[in-house]
Amino acid sequence: MSVAAAPPLLHAQGAACGKVILVGEHAVVHGCPALAAPLRAVNATVRVLPVAGPLQIETDQAGVDTQGLAQVAHATLARCGREAGGLTLRIQSNIPPQAGLGSSAATAIAVVRAVAAACDIALPPDALVELADIGEQAAHGRASGVDVAACLAEGAVRFVRGEPSVPVPLKSPVWLIVGDSGTPRNTRNAVAAVSGQPDPLRTRAFDVIAEATSQLELALREGNLDSAGAALNLAHTALSSLGVSTPALNALCQAATHAGALGAKLTGAGCGGCVVALSADEAGAQRVQTALRKAGAVTTFAERLTP
Ligand code: MEV
């Protein structure tokens, strides 16, 4: 019996936005819950150009893990019943790389979406997560999966490693303000450094982070924004005790708080990258953005997290 040849790959594209970890980074790698949200102000787009020959990846961003993305693309092709190769992936992204805003997760999701679209296949959501996670494991070594979950979320979600994320309904909207210290950092190294911290320091810090996570979830559900801000401050103290804050990140958190933020903390792996602060309204968010820039942030974003 002759087997019909697969139809040619299509010109296609896929995209995904960035993410912010509200609370729970590092502890989430070790099984604690985290709260995270999509950051729609930034995104990655991947275009598929069907061309003969081995897979090629083109990007003008430094520090992109093209090997990990190639694994994602090949796994997606296999999942769609296709042979390896036969396409070029062109990546365009305005997500600052190595800043803790989900650049690698968003790019991996965009690759899966683009390649599946080129094969004219609609993948189920769990397959999308599973395939994008291949890139995260390649990039971060011990990724919890929270970054992929947050990039794919509609709003704030609670995430526990190995489980589907659960939406966290907000009683009232809140503004997220992100400030980038401009110092790139490496998630793999930061995760390894935290994992290597001695006990009881590490366990105590994770306990405090878990407490901050519960406090923030309750505060968001009840619309208690002062308590939400306090939860961020508490988490920042615990992350500092794990050695992943820096003088620049501490200065940005202080500047945000002095400008009236409800609370502020580093976000992502730390050792550089970004801080996230909360504000109750847009005018407050603008004041915090201005203060962050004056304190040295190279880029800032403000986004309303909706209920
Ligand atoms: C990185 O955005 C968050 C970390 O907790 C690592 C992970 O969960 O994979 C530091």
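About the thresholds
- Residues numbered from 1 in each chain as written.
- Predicted model: local features only at pLDDT ≥ 70, side-chain atom pairs only at ≥ 80, totals over all residues.
- Heavy atoms only, no water.
- Helix = DSSP H or I, 4+ residues; strand = E, 2+ residues; numbered from the N terminus.
- Expected span 1.5 Å × (residues − 1).
- Contact = heavy atoms within 4.5 Å.
- Pairing = 2+ DSSP bridges.
- Axes fitted to C-alpha atoms, helices over the stretch in contact; angles between N-to-C directions.
- Buried < 20%, exposed > 50% of the residue type's maximum accessible area, 1.4 Å probe, protein only.
- Near = heavy atom within 4 Å.
- Polar contact = N/O pair within 3.5 Å; in protein donor to acceptor, adjacent residues only side chain to side chain.
- Areas by Shrake-Rupley, 256 points an atom, 1.4 Å probe, with all protein chains shown as cover.
- Nonpolar A, V, L, I, M, F, W, Y, C, P; charged D, E, K, R; others polar.
- Core = buried A, V, L, I, M, F, W, Y, C linked by side-chain atoms within 4.5 Å.
- Salt bridge = Lys/Arg side-chain N within 4 Å of Asp/Glu carboxyl O.
- Parallel < 35°, antiparallel > 145°, perpendicular 65-115°, else oblique.
- Left-handed = near helix turned anticlockwise from the far one by under 90°.

Asks: Would you mind going over helix H3 (residues 125-140) in detail, with residue names and values included?
Replies: Owing to its 3.6 residues per turn, the α-helix aligns residues three or four sequence positions apart on the same side. Here H3 is 16 residues long and its end C-alpha atoms lie 22 Å apart, about the 22 Å a rise of 1.5 Å per residue gives. Where H3 is buried, its residues meet helix H1 (66-79), helix H2 (103-118), helix H4 (146-152) and helix H5 (187-195). Two residues or fewer after H3 comes Gly141, characterised by a positive phi angle close to 80°.

Asks: I'd love a proper account of the sheet that holds strand S8 (residues 263-267), names of residues and values included.
Replies: Taken together, four strands build an open sheet; the order of strands is S8-S9-S7-S10 and the sheet is antiparallel. Each having just a single partner strand, S8 and strand S10 (299-305) make up the two edges of the open sheet. The sheet shows a mean angle of 20° between the axes of neighbouring strands, taken without regard to direction. Pairing geometry for strand S7 (residues 174-180) and strand S9 (residues 274-279), over six bridges, is antiparallel. Bridged to Trp175 within S9 is Ser279. In the packing of helix H9 (residues 282-294) onto the sheet, the strands contacted are S7, S9 and S10, and the crossing angle to S7 comes to about 10°.

Asks: Give me H2: which residues, what numbers.
Replies: With 16 residues, H2 should cover 22 Å at 1.5 Å per step; its first-to-last C-alpha distance of 22 Å lies within 8% of that length. Burial within H2 is extensive, with 13 of its 16 residues counted as buried.

Asks: Which residues make up the site of the ligand, and what values do they have?
Replies: Inspection of the region around the ligand gives 13 residues, with Lys19, His26, Ala143, Ser144 and Asp147 positioned closest. At 2.9 Å, a side-chain N or O of Lys19 approaches an oxygen atom of the ligand. Asp147 has a polar side-chain atom sitting 2.9 Å from an oxygen atom of the ligand. Considering the ligand on its own, with 300 Å² of exposed area, one finds that the protein chains cover 99% of that surface. Of the residues assigned to the shell around the ligand, the class counts are seven nonpolar, three polar and three charged.

Asks: Tell me about unusual backbone geometry, and name the residues and values.
Replies: Peptide bonds are, in most cases, trans, and in most cases residues other than glycine have a negative phi. Of note, the bond from Asp199 into Pro200 is cis; its omega dihedral lies within 30 degrees of zero at 10°. Residues other than glycine seldom take positive phi values, yet Gln98 does so here, at roughly 55°. Structurally, Gln98 can be placed in the loop between strand S4 (87-93) and H2. If you check the backbone angles, Cys271 has positive phi at about 65° while not being a glycine. Topologically, Cys271 is positioned in the loop between S8 and S9.

Asks: Can you lay out the pairing of strand S1 (residues 12-23) for me, pointing to particular residues and giving the numbers?
Replies: By the criterion of burial, S1 is predominantly enclosed, with 10 of the 12 residues buried. As paired elements, S1 and strand S2 (residues 34-50) share 11 bridges and run antiparallel to each other. In the strand pairing of S2, Gly14 is matched with Val46.

Asks: Talk me through the nonpolar core; I want residue IDs and the actual numbers.
Replies: In terms of nonpolar packing, the biggest core is built from 63 residues, with Leu22, Leu89 and Leu216 touching the most fellow members. Sort the elements by how many residues they give to this core and H2 lands first, with 11 residues. Sequence-distant contacts of Leu22, defined by excluding residues within four places in its chain, comprise Leu35, Ala36, Ala37, Ala156, Leu176, Leu216, Leu232, Lys265 and Leu305. The next biggest cluster of nonpolar side chains, apart from the first, holds 25 residues, and it includes Ala27, Leu252, Ala277 and Ala285.

Asks: Help me get a handle on the side chain of His236, residues and values and all.
Replies: Note on placement: His236 falls in helix H7 (residues 225-241). A polar contact of 2.9 Å, which involves the side chain of His236, links it to the side chain of Asn250.

Asks: For the pattern of salt bridges, give the residues involved together with the corresponding values.
Replies: Counted by the stated rule, this structure contains five salt bridges. One salt bridge in this structure joins Glu58 and Arg90, with 2.7 Å as the shortest N-O distance. One end of the pair, Glu58, is in strand S3 (residues 56-59); the other, Arg90, is in strand S4, with 32 residues separating them in the sequence. On the basis of relative accessibility, which here comes to 37%, the residue Arg90 falls in the partly exposed class. Linked by salt bridges that have partners in common, Arg158, Glu217 and Arg221 make up one network.

Asks: How would you sum up the pairing of S2? Please name residues and give values.
Replies: Consecutive residues of a regular strand have side chains that alternate between opposite faces of the sheet. Along S2, 12 of the 17 residues are buried, which leaves the element largely enclosed by surrounding structure. Bridging between S2 and strand S5 (residues 157-159) involves three bridges; their strand directions are antiparallel. By the bridge assignment for S5, Ala36 is matched with Val157. One ladder, built from seven bridges, connects S2 with S4; its direction is antiparallel. By the bridge assignment, Pro50 is partnered in S4 with Leu87.

Asks: Break down the packing of H2 against H3 for me, with residues and values.
Replies: The geometry of a pair of packed helices is captured by two quantities: the angle between their axes and the separation between those axes. Interaxial distance between H2 and H3 falls to 9 Å at its minimum, and their mutual angle equals 140°. Of the possible angle classes, the one that applies to H2 and H3 is oblique. The chirality of how H2 crosses H3 is right-handed. Contact residues: Ser104, Ala105, Ala108, Ile109, Val112 and Arg113 in H2; Leu128, Leu131, Ala132, Glu136, Ala139 and His140 in H3. Of the residues belonging to the contact of H2 with H3, the class tally is eight nonpolar, two polar and two charged.

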